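Coordinates in review
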Amino acid sequence: VTRDGHGTCEFRHPIITAVVYDSIPGGRRLAAHSRAGTILQAEGAAPIAVARHLERSADMGDEQAIEVIRAAATATRVLAPRAAARLLASAIRLSGPVAEGAPDGRPLLMAERSDCLINAGQFAEAREELRAALELVAPGDHLTLAYLVGNLTRVENWLGEERTATQRIRSILADLQTEAYFPRLLMQVLLLAQVAVSGSVEEVREIGGVLEERHPLLGALRKGGIDQALADHDVRAAKRGGEYLHV
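Residues numbered from 1 in each chain as written. Predicted model: local features only at pLDDT ≥ 70, side-chain atom pairs only at ≥ 80, totals over all residues. Heavy atoms only, no water.

1. What to know about the packing of helix α9 (residues 162-175) against helix α10 (residues 181-198)
Relative orientation of the contacting elements α9 and α10 amounts to 150 degrees, with a least axis distance of 10 Å. Considering the angle they form, α9 stands roughly antiparallel to α10. Every pair of crossing elements has a handedness; the one defined by α9 and α10 is left-handed. Packed against α9, whose contacting residues are Glu 162, Ala 165, Thr 166, Ile 169, Arg 170, Ile 172 and Leu 173, the element α10 presents Arg 184, Met 187, Gln 188, Leu 190, Leu 191, Gln 194 and Val 195 at the interface. (Axes fitted to C-alpha atoms, helices over the stretch in contact; angles between N-to-C directions. Helix = DSSP H or I, 4+ residues; strand = E, 2+ residues; numbered from the N terminus. Parallel < 35°, antiparallel > 145°, perpendicular 65-115°, else oblique. Left-handed = near helix turned anticlockwise from the far one by under 90°. Contact = heavy atoms within 4.5 Å.)

2. Observations regarding helix α8 (residues 142-158)
Taking 1.5 Å per residue as the helical rise, α8 with its 17 residues ought to reach 24 Å, and the 24 Å between its terminal C-alpha atoms agrees with that figure. Elements that come into contact with the buried residues of α8 comprise α6 (106-119), α7 (123-136), α9 and α10. One or two residues past the end of α8 sits Gly 160, with phi positive at roughly 75 degrees. (Expected span 1.5 Å × (residues − 1).)

3. Some remarks on the nonpolar core
One recurring pattern in soluble globular proteins: nonpolar side chains tend to sit buried together. Among the nonpolar cores identified, the biggest contains 45 residues, and Ile 69, Leu 148, Val 149 and Met 187 are the most heavily contacted of them. Of all the elements, helix α5 (residues 81-95) adds the most residues to this core, at 7 residues. Excluding its chain neighbours within four sequence positions, the residues that come into contact with Val 149 are Leu 134, Arg 168, Ile 169, Ile 172, Met 187 and Leu 190. (Core = buried A, V, L, I, M, F, W, Y, C linked by side-chain atoms within 4.5 Å. Buried < 20%, exposed > 50% of the residue type's maximum accessible area, 1.4 Å probe, protein only.)

4. Describing unusual backbone geometry
Put simply, Gly 96 and Pro 97 share a cis peptide bond, and its omega is 0 degrees. Position of Pro 97 relative to the elements: it lies in the loop between α5 and α6.

5. Considering the pattern of salt bridges
Within this structure, the stated rule accounts for 14 salt bridges. Glu 55 is the salt-bridge partner of Arg 86, the closest N and O atoms lying 2.7 Å from each other. Separated by 31 residues along the polypeptide, Arg 86 in helix α5 and Glu 55 in helix α3 (residues 47-57) bring together distant segments of the chain. When its relative accessible area of 10% is taken as the criterion, Glu 55 is described as buried. (Salt bridge = Lys/Arg side-chain N within 4 Å of Asp/Glu carboxyl O.)

6. Some thoughts on the environment of Gln 64
With respect to the helices and strands, the residue Gln 64 is situated in helix α4 (residues 63-76). The exposure class of Gln 64 is exposed, given its relative accessible area of 55%. When the C-alpha positions of Gln 64 and Leu 54 are compared, they lie 9.8 Å apart, and in sequence the two are 10 residues distant.

7. Remarks on the packing of aromatic side chains
Geometrically, a pair of aromatic rings is defined through the distance of the ring centres and the angle of the planes. One pass over the full model with this rule turns up 1 aromatic pair. Arranged with centres 5.7 Å apart and planes meeting at 70 degrees, the rings of Phe 123 and Trp 158 form a pair that is edge-to-face. With Phe 123 in helix α7 and Trp 158 in helix α8, this residue pair connects regions lying 35 residues apart in the sequence. (Phe/Tyr/Trp six-rings, centres within 6.5 Å; stacked < 30°, edge-to-face > 60°.)

8. Some remarks on the confidence of the model for the protein
For the protein, per-residue confidence averages 81 on the pLDDT scale, and 81% of positions sit at 70 or higher. Element-level mean pLDDT values for the protein span from 49 in helix α13 (residues 226-239) up to 96 in α7. Taken together, the stretch residues 224-230 has pLDDT below 50 and engages in 8 contacts with residues farther than four places along the chain or on a different chain. Throughout residues 242-247 the model reports pLDDT below 50, and contacts reaching past four residues in sequence, or to other chains, amount to 9 contacts. (pLDDT = per-residue confidence, 0-100.)

Next up, the structure:
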């Protein structure tokens, strides 16, 4: 055993560390990680130092532990995206499953993990993560649905799966309720972008016409009068007592 520059004891070789660690009974290991995490948090240690213990000791549904692990992933995602993806996998595991009707934070955590996988060059795994996240979206949570579909479409396009992405968008649009205004708008813009690359000119015109008809502001912007479009929108909002549009 040696001491580092901070006075911390450590074994001379990682193999010795692994042998000693594996020889400790599971219950004692769990308790030791829990104590270490608690002490480090009390001392204000960086999330990454705390997270390595919480990953091994936190209880399912421990929101504080999940947030610490998530913060550790955020701190490492640029320089070490694979490590961040592993941390987020732990946060996702600790997050679920949730009780019926309870908020489920897993889909957005899975979207974050997919970004880390993309940064690590693991596009196929990122695609599968996003597809799994779509299965967990609560009925009626249209904004999360649109967000995930946008990210999944991006990945599938990179993988040469444009047709699959386009078919999914069409299917979701067919099922979305008309009152889900903003998610429908997002999906229609996504569809327009897809067919602009792989579809026919007639279809682009058709979808563009639908957007222009149902979303007057977009139609005005398409015609080039951006300042006038924003001014007209403000006037209409003022007349019906709505909020002004700020950019």
